[in-house]
Amino acid sequence: MMMNNNGARTDSCGIALITNLRAEFTLLLLDLEEYFFDHHRFYHVFTDSKGEKRTTKGSLKICSKSLIFEPDQIAEPILKFPFRDCSRIEEIEDKNSSNPFEENRICGICITCHQICLIKEQSVVAPYKIERGPKDYFFKIEDTSKAEDVVQSLLQLHRASQLDKLADQIAMVTAILQSRLARTSFDKNRFQNVTERPHMECEAEMVTPLVSNPGHVCITDQNLYFQPLNSYPETVVQIMLHDVRRIYKRRHGLKPLGLEIFCTENDLCSDIYLKFYNSKDRDELYYYMATFLENHITEQTAESYMLQWQKGHLSNYQYLLHLNNLADRSCNDLSQYPVFPWIIADYTSSELDLSNPKTFRDLGKPVGALNKERLDRLLNRYREMPEPKFMYGSHYSSPGYVLFYLVRVAPEYMLCLQNGKFDNADRMFNSFAETWKNCLEGATDFKELIPEFYGTNSSFIVNSLKLDLGKRQGGKTVDSVELPAWALGPDDFLQKNRDALESQYVSEHLHEWIDLIFGYKQRGSEAIAAYNVFHPLTYEGGVDWDSIKDPNQKIAMLTQILEFGQTPKQLFISPHPQRIMPKFQNLSRGFSRGTSMTELSPGCLCEDSFEDLTEESRKLAWSNISQLCIVYQQKIHKEAVTGITVASNGVSVFTTSQDSTLKMFSKETKSLQRSMSFSNMALSSCLLLGSTTVVCSSWDNNVYFYSVAYGRRHDTLMGHDDAVSKVCWFNDHLYTSSWDSTVKVWRCASADLSTSRKNCCELIAELEHEAGVNTINLNPIGSMLVSGNKEGTISIWDLTNLTILHQIPCHLGTINDVAFSPDSRHVLSAGEDCCLKVIDVQTGMLISSLPSDQQQRCFCWDGNSVLSGSESGELLVWDLIAAKITKKILAHSGAVTCMWMNEQCSSIITGGDDKQIIFWKLQY
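**Points about the state of the cysteines**
Taken as a whole and judged by the stated rule, the model has one disulfide. Linked covalently through their sulfurs, Cys 748 and Cys 761 form a disulfide whose S-S length is 2.2 Å. The S-S bond linking Cys 748 to Cys 761 shows a torsion near 125°; that makes this disulfide right-handed. With a gap of 13 residues between them, Cys 748 in strand 28 (residues 742–748) and Cys 761 in strand 29 (residues 761–768) connect regions that are remote in the sequence. Residue Cys 748 shares its accessibility class with Cys 761, and that shared class is buried.

Structural data, given as structure tokens:
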């Protein structure tokens, strides 16, 4: 979430969620293209219905087109006085002044207005009520020393509103704004650090949907600041340059004046959007920031994102977000809001079949061409049309369409766009099936979707604010959106939409839709052949702005374009390649480190991957995993057990502990056979190479190699600058994680480790993290590594080229354990926040979150079921499909800290804070 400059919470795509139904001023109460200049404390003096004189205290907002009075009592309506409807604005003199030198002191204003708007009456967001006059309204100022300046400002703005031509009105308001900006400057007392050196200062506007807020921009060697002229909603906005990850130049109002700044890698919603008054200021600030960032930020292009998507490193959803971003689509500009495709074409069946191609919309055609009969009618009109020709009279994305979908969570945006009114009840977003049908059959409806349809916040579907959106013909009240029969509820609807977007069918055809919206079929002869031609004004460069001399014509054309919608910037001029969708056979036996990523996409693994002779044993074991019983338990350490590994013969069990010892325990004789101490600090994990060498990680920053045959420490690897948290091994490569925020990859020949040769580990890679790494794991074929850090972030790494695939902020606090599913399609993590999280490896999408009442410290899983060790000492059995805990098994008297399971999943050993190890078996 972030705050927009109306002071409201925003969701992932920037539209405010109006969760507080108070009579509260926001910039959305202004008209489009209106500015809020200043505010002062006033008393509204009036006579009530009983003839009694009353006074209401509040704030009087001076805006460029209106005067707005916000009463302190939230039950009272906000009063909006449009200057164009005011016939008189006069000062009121204080006749009762006792000071002979202040006989003509101004104490307030009198306004004669033909009609005013009553907004949020009884604290309810609803269409504005109009109170018609003419009528006199009296306001008394609290600080009389400011009265004269206030009156002069009001008279000046009132004169601007009375000019005959709109262009003259805008010119006069612009002059007033520039005068106010020129008389002020950025307050350098707002710098966060006295050592900051300012680089440049200029005037600009902070842009959010439907709103522009003027002020001063200042950039230093450490921070970017924006100080609103009106100090609303906060005195200054600060962006730390070290936090900035992406910056984009933007078109705003068809001019190259915008700059959007992101402090995240993947979010669509930016941290600030600025509109400058000239491109020189915009470009200077952009290049200063770009120079600052170039040493540690890799610039991403459409092509680089395309390659990541092709290889499975980006989900369909993520890729579309990036393309929208690069194509000038911004959540802060409703005329260029991100556009997403209709995917599902079946809104009538009781079950949604994502394996049936008929379930999906034809992604190779624009919405207007999906219905042949309607297209034939449109083509007949197109052929008879004079130049410039266009096939569709409306666009697939516009401010009206965006708010059509979002009115239930953004009612004040709709009221702002439509002059204080909601749309006709029968034209509202009432039903998914009706909306899809109208897009197929309506004469002027060709709209696509918005990202929210593929997000996780279903509030835009539900009328949780209990808005009065009117009644349809037949008397039915407009409430929540009617769902298709196959959706169990709003969240399920969005989940199925996400499933559809990431389905194999869509992955195989999404490039066809990209060609239409962002690619080579957007313009020219290819667009004509694809029936993809919209009005010329909607395309970038479709208007020669400088050639239009008449200011009134220029304003009218700009208004038309902004309301109609705009086509994205063209990103590709040649056909977009199809996504690589490989099918794998016997991947576990055929993989080598030389396999290229075009041959292997880690997220796309076939159904019969990893099948071997133990598969049936595993299935049987996991189907009975809740039938565990204790075979034997033994206290063998003086502190908590941290690691367990077992020899291939199943007899010798090796354990590590916070007591700094490695113990060797015989399962057959149930006796302790060896005890070794390498340092005076805790050992954190262990693994066994063959039957000859035990590898132990330690809090003393080292990794120790213990020879079973010789009964002594064979070698020491001084690997990290902080505690080593875990070790993993695959194919002569050792992976070590550390609280020093790295995972290191070492080449260690197992043959050398079994001899007396020392220092046989060669560092070949260092995987950097943003916080201490607490746990790691490899997928079964050693092609990927997943790491979990102390700040709750999961990182998935491609080990074939040692690059990061996904970085997912997943938990609140430390991640205790993390592991791939056997088929490598998912990652499961357990965190300090008492949640289990399931992540889709291919998309990086969090697909499930399962809470519990305590931390889960360790686990094993088969992709569908989980056996976890809890903080309380219980073993929990989870059904991920049903998203519930199915069994709790008493185990340790303290937290279950580590767990080992054999390859057949039939034998389990757990270790705990109670210093014990427990041997378990399944009862079939």
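**Some details on the sheet that holds strand 18 (residues 641–646)**
Taken together, the four strands give an open sheet; going across it, the order is 18-19-20-21, and neighbouring strands pair in antiparallel fashion. Where the open sheet ends on each side, the last strands, each with one partner, are strand 18 and strand 21 (671–677). Across the sheet, the mean angle separating the axes of adjacent strands is 20° when strand polarity is ignored. Sheet topology places strand 20 (residues 661–666) next to strand 21; six bridges connect them, and they run antiparallel. Residue Thr 661 lies in a different strand from strand 21, and its bridge partner there is Ser 677.

**Comments concerning the sheet that holds strand 42 (residues 896–901)**
Within a sheet, each strand pairs with its neighbour through backbone hydrogen bonds, oriented either parallel or antiparallel. Within the open sheet, the four strands sit side by side as 17-44-43-42. Their pairing is antiparallel. Looking at which strands have only one partner, the edges of the open sheet turn out to be strand 17 (628–635) and strand 42. The mean angle between the axes of side-by-side strands here comes to 20°, regardless of whether they run parallel or antiparallel. The pairing of strand 42 with strand 43 (residues 907–912) spans five bridges and is antiparallel. Pairing of Cys 898 across the sheet is with Gly 911, part of strand 43.

**Let's talk about the side chain of Ser 59**
Its location among the elements puts Ser 59 in strand 4 (residues 53–63). Exposure remark for Ser 59: the relative accessible area of 6% places this residue in the buried category. Those residues in contact with Ser 59 that sit more than four places away from it in its chain are His 39, His 40, Arg 41, Ile 68, Phe 69 and Glu 70.

**Overview of helix 13 (residues 551–564)**
Over its 14 residues, helix 13 extends 20 Å from the first C-alpha to the last, a length consistent with the 20 Å expected when each residue adds 1.5 Å. Within helix 13 the residues assigned to the buried category are Ile 555, Met 557 and Ile 561. Looking straight down helix 13, one finds that the buried residues subtend no more than 165° of arc, so they occupy a single side. As for helix 13, its buried residues are in contact with helix 2 (166–182). By the N-cap criterion, in which a side-chain oxygen at the helix start approaches the backbone nitrogen of a residue two or three places on, helix 13 is capped by Asp 550, the distance to Asn 552 being 3.0 Å.

**Topic: the pairing of strand 38 (residues 856–861)**
Burial of strand 38 is extensive: five of the six residues sit out of reach of the surface. Here five bridges tie strand 38 to strand 39 (residues 865–870), and the two strands are oriented antiparallel to one another. By the bridge assignment for strand 39, Gln 856 is matched with Ser 870. Hairpin connection from strand 38 to strand 39: three residues lie between these consecutive antiparallel strands, with Gly 863 at a positive phi of about 105°.

About the criteria used
- Residues numbered from 1 in each chain as written.
- Predicted model: local features only at pLDDT ≥ 70, side-chain atom pairs only at ≥ 80, totals over all residues.
- Heavy atoms only, no water.
- Disulfide = S-S within 2.5 Å.
- Helix = DSSP H or I, 4+ residues; strand = E, 2+ residues; numbered from the N terminus.
- Buried < 20%, exposed > 50% of the residue type's maximum accessible area, 1.4 Å probe, protein only.
- Pairing = 2+ DSSP bridges.
- Axes fitted to C-alpha atoms, helices over the stretch in contact; angles between N-to-C directions.
- Contact = heavy atoms within 4.5 Å.
- Expected span 1.5 Å × (residues − 1).
- Arc of directions from axis to C-beta.
- Polar contact = N/O pair within 3.5 Å; in protein donor to acceptor, adjacent residues only side chain to side chain.

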